[in-house]
Amino acid sequence: TRCWNGSSSSCSIVVSNTPCVTNFECLETGLTYNNLTVAASARNPLYTKIAGTPFSFDVVALQAGGVQSTTYLANNVRVELFDDNPTFSTTCPNPALPAIATFLINFQAADNGRKNTGAITLNQAARRLRCKVTDTSLTPNVSGCSSDTFTVRPSAITSVTSSNATADSVAGI
């Protein structure tokens, strides 16, 4: 076999192979990713956040079988947070639930398939947030939801009393 490039009989072929991304997971920054297809009892936690305080988490690109895709590269990957209350939806996400926050992240080679979202601030409390990640540059689009939910709690609770209040009983209870 001979390859002809127009001036000589020598040419090189470069083959680039990027593993297919079939899903995404969101988890707390710094925690080890648990492949849920291997360890079904494991989880990838997202912890409670505080309203009005910046927070972040990591997004992991996954190949089939739940293995982290360490060579995943993509620009403008959409991350959405939605309130999955009152019940955990089996769809990703329940189409009736609007996103309460949407932002973009870019995966570079140095990220090894795991990217931090950067600072996110939600000014209102939310009961049961899930993370949905979508790569719209792939056809068809590839998306996945976090296996865990998290809460954004108020930064404080204020108790209001009045000197004109009357007790329900003689004991003041």
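First, a word on scope: everything that follows refers to the structure included in this document.

Some words on the sheet that holds strand β1 (residues 23-27)
Moving on, step 1. The sheet built from 3 strands is open, its strands ordered β1-β3-β6 with antiparallel pairing. The outermost strands of the open sheet, each flanked by one partner alone, are β1 and β6 (114-116). Across this sheet, the average inter-strand angle for adjacent strands is 25 degrees, counted without regard to direction.
Moving on, step 2. Here 3 bridges tie strand β3 (residues 58-62) to β6, and the two strands are oriented antiparallel to one another. Bridged to Val 60 within β6 is Arg 114.

Digging into the pattern of salt bridges
Moving on, step 1. Inspection of the entire model under this criterion finds 5 salt bridges.
Moving on, step 2. Across the pair Glu 28 and Lys 49 runs a salt bridge whose closest N-O atoms are separated by 2.7 Å. Residue Glu 28 is located in the loop between β1 and β2 (49-50), and its partner Lys 49 is located in strand β2; the two are separated by 21 residues in the primary sequence. One exposure class covers both Glu 28 and Lys 49, and it is buried.

Notes on the state of the cysteines
Moving on, step 1. Inspection of the entire model under this criterion finds 1 disulfide.
Moving on, step 2. Shown here is the disulfide that connects Cys 26 with Cys 131, its sulfur atoms set 2.0 Å apart. Of this pair, Cys 26 sits in strand β1 while Cys 131 sits in strand β7 (residues 126-135), and the two are 105 residues apart along the sequence. Taken as a pair, Cys 26 and Cys 131 share a single burial class, namely buried.

The rules behind the values
Residues numbered from 1 in each chain as written. Predicted model: local features only at pLDDT ≥ 70, side-chain atom pairs only at ≥ 80, totals over all residues. Heavy atoms only, no water. Pairing = 2+ DSSP bridges. Helix = DSSP H or I, 4+ residues; strand = E, 2+ residues; numbered from the N terminus. Axes fitted to C-alpha atoms, helices over the stretch in contact; angles between N-to-C directions. Salt bridge = Lys/Arg side-chain N within 4 Å of Asp/Glu carboxyl O. Buried < 20%, exposed > 50% of the residue type's maximum accessible area, 1.4 Å probe, protein only. Disulfide = S-S within 2.5 Å.

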